[in-house]
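Survey of secondary and tertiary structure
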Amino acid sequence: MNELSLFAEDKTTALVEGLNPQQREAVEYRGKALLIVAGAGSGKTRVLTHRIAHLLATKDSWPSQILAITFTNKAAAEMRERVKHLLGEAADGMWLKTFHSACVLILRRESERLGHDANFTIYDSGDSRAILKRLIKELGADIHKLTPAGVGAAISNAKNELADAESYARNVDQNDPVARMISEIFTRYQHELRKNNAFDFDDLIGETVHLFRAFPDVAAQYQQKFKHILVDEYQDTNHAQYALIRELAKNASLTVVGDSDQSIYAFRGADIRNITEFEKDFPGAKTILLEQNYRSTQNILSAANAVISNNFDRPSKNLWTASGDGDKIVGYTGYSAHDEAQFIADEINKLHSKSQGDDAIAFRDIAVFYRTNSQTRALEDIFIRSGIPYRVVGGTKFYERQEIKDAMAYLVAIANTRDDLATRRILNVPKRGIGDASETQIANYAEKNGLSVRQVLSHVSELGFGPKITGAINQLAELMDNLEAMIPTETVDAILRTALDRTGLLETLRNSKDPQDEARVENLEELVSVAREFQRNNPEGRLPDFLNEVALVAAADELDDESGTVSLMTLHTAKGLEYEAVFLTGIEEGLLPHRMSFITPGGMAEERRLFYVGITRARKKLHISLAMTRTTFGESESATPSRYLQEIPADLIDWRESGSGRGLPSTRYRESIADAQGYGSGSGESSGGYGGTPSTKEKKVWNGAISSVRNNGDLQLEVGDMVEHSDFGRGKVIATAGEGARQTAEIHFGSVGVKRLLVKVAPIQKV
DNA sequence: ATGTGCCGGCTTTTT
DNA sequence: GCCGGCACAT
């Protein structure tokens, strides 16, 4: 054995060192089909990266022969980094992608075969909704109570089943006028996409499958290219994704990793049977179970196991850990959502300070999860007042903000000149006197003459507009031409800057007196830095590459590990992540399980899996909280504890301050809270009845959220000062930190206890 | 063409 | 309790 092979052998041995026997087998197994059933926290990312590195180190495959599909771009990037680290060299040429980004790559190469150009636009759900809204109006479909979201869901479901508009129309019940209407909208919607040279999210997958089936020579290229295909989160694949994998894996070995207990995307077509029937599906497939958990304490795992065992019809599986019991789970029942949020803020402060001991937990290692995005309101409210740095992951996404969509529409419109949606969007943004009537006239002219809206802009003289409008359109057309000419040579941020300057978009917002426009300016500046950052990371990247990347960012991609902030996100977004301390909020009937799931087949089991996913994200500290009353639609309703709470053995939970256990506070407690906090009197927030009235105004806070915040001006507190708080009553300052707008104060409020507050925005008054 | 103000519906979850 | 659509005013 020569030195070189000895070295190679060392390297491969090193790749399985420190792995448990099952993990090791999962790394070394070679065969056509492998299912790795990976319980939560069982080290599946480790197994996946080591397996890929092992395939390369043993010369089983070249990098270019490997395709690994992950759920988010962030996970893909992380995996590439880890493989590189393991091999000590970059494995360039590997396809490490999400389903959507892999399909985009394929579609850009082969787009002509589907009647698109390579520079097609990817429409997000907002774009789809805009088109559907127009079609519904045109067809008068609103009399059937059809909404853009409803029709959109129907079309999406169809596409996830690989139905196109024609097959949908064939299978529609002709006696059902609503179904026929949906079918008609579907047909026109597809026509619109094609005309605009665009695909929606679902098309990216579905059209790739259709491409492979219609053009076997194209499919063959990829079937020959890939020798190993690895798919993460396999339990959340839908039929279209499944079909895509089947096409691609014709000659390749397939490795899928997943956990049916964590399947939480049935609503977008995920079919749990893809994983549960894998062995039937791929005869001779090998299955490896990873049951040892390396993440959580035993108490957390016991709770998770107890909850999930209530789902029948699941292959039994029991997570275990070699680490100790750890702390008990902390439970809390608040009087209201605000009270619940206050508890969380207090706990976070405790965890964070721990008086700077070794046990102190950094903000970035703490996360708060919730079922619905609307729950962020109360949390943000309290966090701002408590001076806790936080970040909402997902939610109203950056790229869905109006001003960002406007700016992006300029870029999209010049990159894909056939995109009428984008062109029409910016026609009168900023206002240049081209109103609805003119827009419709332009669109009609385009329709009649088979032109794009963009082309019509250059023929404006034929439309007979007045000199003012004609001038405005000519100016716009010239600007678009100039911007378009920059694409081949200029950087993305240069193009964006030019667009923002020459259109006056920034200027208009800067001069506006709408307080929200201040935040919009900052968002646009943020967009410029995003573009600059992209250019730095991709020196060769051009505008279309940028648009590509932007169109496919997922919520979890926004996570910034370096930011010293608490992360707030939905339970869905939390999948695949882990934190030292986790707060599960709103564990109430109607919220988790969500009321909409009551009537959904399998809904109750899916919601339970969601709870299970939440529990298993925590390493050391798990908090479960709920509120006794919750406001929905502006109406306060009483809530009852979630049925899932009773599935956790009582001895695992330490219910704080709640007398009767089981999450229901005693009457005595309830009254004391109501009294101490001034609830029940209906005063809720800033009752403002404390003499001099500090102003409350719309304010953009540093994390991008726009929130109505109280402003105490330059108020600064010193130790010993007495204050009056609208909720907590009278209190004494016992410590302060920071100064100016960032000053926080620890204040002792009698029976309510000690609270840490951000002085500038807390509803307090010095007395 | 653009601005304002009221009414109604609405919220699961996401690439 | 917020956003969007619509009617009406400028």
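Here we look at the overall build of chain A
Across its full length, chain A holds 29 helices and 24 strands. On C-alpha atoms alone, chain A measures out to a radius of gyration of 28 Å, which is about the 27 Å that the 2.2 N^0.38 rule sets for 767 residues. Based on the C-alpha atoms only, the size of chain A along its principal axes is roughly 80 × 75 × 65 Å. In chain A, the share of contacts with a sequence separation of at least 24, taken over all contacts with a separation of at least 6, comes to 72%. Element-wise, carbon and sulfur atoms account for 49% of the exposed surface of chain A, whose accessible area totals about 34,200 Å². Here chain A contributes 91 positive and 107 negative side-chain charges, whose respective centroids are spaced 1 Å apart.

A short note on unusual backbone geometry
Across the junction of Val429 and Pro430, the peptide omega takes the value -5 degrees, indicating a cis bond. Relative to the assigned elements, Pro430 resides in the loop between helix H19 (420-426) and helix H20 (436-449). Looking along the chain, the bond that leaves Leu592 and enters Pro593 is cis, with omega of 5 degrees. Among the structural elements, Pro593 can be located in the loop between strand E13 (579-584) and helix H28 (603-615). Notably, Leu162 is not glycine yet its phi reads approximately 70 degrees, a positive angle. Within the fold, Leu162 resides in the loop between helix H7 (148-160) and helix H8 (165-171). With a phi close to 60 degrees, Phe633 is a non-glycine residue in the positive phi region. Looking at the secondary structure, you find Phe633 in the loop between strand E15 (629-632) and strand E16 (635-638). Relative accessible area serves as the criterion here: at 85%, Phe633 is assigned to the exposed category.

Some remarks on the sheet that holds strand E8 (residues 286-290)
With parallel pairing, the 6 strands of this open sheet are ordered in space as E3-E2-E6-E7-E1-E8. This sheet does not close on itself; its edge strands, each paired only once, are strand E3 (95-98) and E8. The average undirected angle you get between the axes of adjacent strands in this sheet is 15 degrees. Along the sheet face, helix H5 (residues 99-110) touches strand E2 (66-70), E3 and strand E6 (228-231) and points at about 110 degrees away from the line of E3. Helix-sheet contacts for helix H12 (residues 239-248) involve E2, E6 and strand E7 (253-258), and the interaxial angle to E6 is about 165 degrees.

What about the packing of helix H18 (residues 402-415) against helix H26 (residues 543-551)?
Where H18 contacts H26, the two axes come as close as 10 Å, and the packing angle between them is 125 degrees. One way to sum up the angle between H18 and H26 is to call them oblique. You can see that H18 and H26 cross each other, and the crossing is left-handed. Between H18 and H26, the residues in contact are Met408, Leu411, Val412, Ile414 and Ala415 and Leu543, Phe546, Leu547 and Val550, respectively.

Considering the protein's contact with DNA strand B
Neighbouring DNA strand B are 24 residues, the closest being Arg371, Asn373, Asn428, Ala555 and Thr570. Among atoms of DNA strand B positioned within 4 Å of the protein, sugar and phosphate together represent 57%. Separating a phosphate oxygen of DNA strand B from a side-chain N or O atom of Asn428 is a distance of 3.0 Å. Thr570 places a side-chain nitrogen or oxygen 2.9 Å from a phosphate oxygen of DNA strand B. For the surface near DNA strand B, the elements supplying multiple residues, two or more each, are H20 and helix H27 (571-574). The residue inventory of the surface near DNA strand B, partitioned by class, reads 8 nonpolar, 12 polar and 4 charged.

Some details on the protein's contact with DNA strand C
Taken together, Lys133, Lys137, Phe633 and Gly634 make up the full set of residues near DNA strand C. Near the protein, meaning within 4 Å, the atoms of DNA strand C are sugar or phosphate in a fraction of 40%, with bases accounting for the rest. Of the residues in the surface near DNA strand C, the class split is 1 nonpolar, 1 polar and 2 charged.

Points about the nonpolar core
Judged by nonpolar contacts, the single largest core of 51 residues is most densely connected at Ile442, Leu543 and Phe546. It is H18 that provides the largest number of residues to this core, a total of 10 residues. Beyond its immediate stretch of four places on either side in the chain, Leu543 contacts Leu411, Ile414, Ala415, Ile487, Val492 and Ile495. Trp95, Leu162, Ala219 and Phe282 belong to the second largest nonpolar core, which has 43 residues in total.

Notes on the confidence of the model for chain A
Taken as a whole, chain A shows an average pLDDT of 86; of its residues, 90% reach a score of 70 or greater. Per-residue pLDDT, averaged within each element of chain A, yields its smallest value for strand E18 (residues 695-700) (28) and its largest for E6 (97). Within the model, the stretch residues 658-709 combines pLDDT values under 50 with 102 contacts to residues more than four positions away or in other chains.

Overview of the sheet that holds strand E22 (residues 744-749)
Spatial ordering of the open sheet is given by E23-E22-E21-E20-E24, a layout of 5 strands whose pairing is antiparallel. Whereas interior strands pair on both sides, the edge strands pair on one side only; in this sheet they are strand E23 (753-758) and strand E24 (764-766). Recorded for the sheet is a direction-independent mean angle of 40 degrees between the axes of neighbouring strands. Sheet topology places strand E21 (residues 729-737) next to E22; 5 bridges connect them, and they run antiparallel. From the neighbouring strand, Thr736 faces E22, where its bridge partner is Ala745.

Looking at the packing of helix H16 (residues 337-353) against helix H17 (residues 376-386)
The N-to-C vectors of H16 and H17 enclose an angle of 45 degrees; their axes lie 8 Å apart at closest approach. Between H16 and H17, the interaxial angle falls into the category oblique. Here H16 and H17 pass one another in a crossing that is right-handed. Here Ala337, His338, Ala341, Gln342, Ile344, Ala345, Ile348 and Asn349 of H16 lie close against H17, whose contacting residues are Ala378, Leu379, Asp381, Ile382, Phe383 and Ser386. Partitioning the contact of H16 with H17 into residue classes produces 9 nonpolar, 4 polar and 1 charged.

Points about helix H11 (residues 216-225)
Within the sequence span of H11, burial applies to Val218, Ala219, Tyr222 and Gln223. Viewed along the axis of H11, the buried residues span an arc of 135 degrees, placing them on a single side of the element. Facing away from the buried side of H11 by more than 90 degrees, the exposed set consists of Pro216 and Gln224. Tucked inside the fold, the buried residues of H11 contact E3, H5, helix H10 (201-214) and H12.

A few points about the pattern of salt bridges
Applying the stated criterion across every chain yields a total of 51 salt bridges. Salt bridges sharing common partners tie together Arg134, Glu138, Glu192, Lys195, Asp420 and Glu447.

As for the packing of aromatic side chains
Applying the stated rule across the entire model yields 15 aromatic pairs. Between Phe369 and Tyr579, the aromatic rings sit 6.2 Å apart at their centres with planes inclined by 70 degrees, giving edge-to-face as the arrangement. In this pair, Phe369 is assigned in strand E10 (residues 366-370) and Tyr579 in strand E13, connecting sequence segments 210 residues apart. The pair Phe369 / Tyr579 is uniform in exposure class, with both members buried. Three or more aromatic residues link up through ring pairs in this structure, and these residues are Trp95, Phe212, Tyr222 and Phe226.

Reading the values: the criteria
- Residues numbered from 1 in each chain as written.
- Chains lettered and ligands numbered in written order.
- Predicted model: local features only at pLDDT ≥ 70, side-chain atom pairs only at ≥ 80, totals over all residues.
- Heavy atoms only, no water.
- Helix = DSSP H or I, 4+ residues; strand = E, 2+ residues; numbered from the N terminus.
- Rg over C-alpha atoms; globule rule 2.2 N^0.38 Å.
- Contact = heavy atoms within 4.5 Å.
- Areas by Shrake-Rupley, 256 points an atom, 1.4 Å probe, with all protein chains shown as cover.
- Lys, Arg positive; Asp, Glu negative; His and termini not counted.
- Charge placed at Lys NZ, Arg CZ, Asp CG, Glu CD.
- Buried < 20%, exposed > 50% of the residue type's maximum accessible area, 1.4 Å probe, protein only.
- Pairing = 2+ DSSP bridges.
- Axes fitted to C-alpha atoms, helices over the stretch in contact; angles between N-to-C directions.
- Parallel < 35°, antiparallel > 145°, perpendicular 65-115°, else oblique.
- Left-handed = near helix turned anticlockwise from the far one by under 90°.
- Near = heavy atom within 4 Å.
- Polar contact = N/O pair within 3.5 Å; in protein donor to acceptor, adjacent residues only side chain to side chain.
- Nonpolar A, V, L, I, M, F, W, Y, C, P; charged D, E, K, R; others polar.
- Core = buried A, V, L, I, M, F, W, Y, C linked by side-chain atoms within 4.5 Å.
- pLDDT = per-residue confidence, 0-100.
- Arc of directions from axis to C-beta.
- Salt bridge = Lys/Arg side-chain N within 4 Å of Asp/Glu carboxyl O.
- Phe/Tyr/Trp six-rings, centres within 6.5 Å; stacked < 30°, edge-to-face > 60°.

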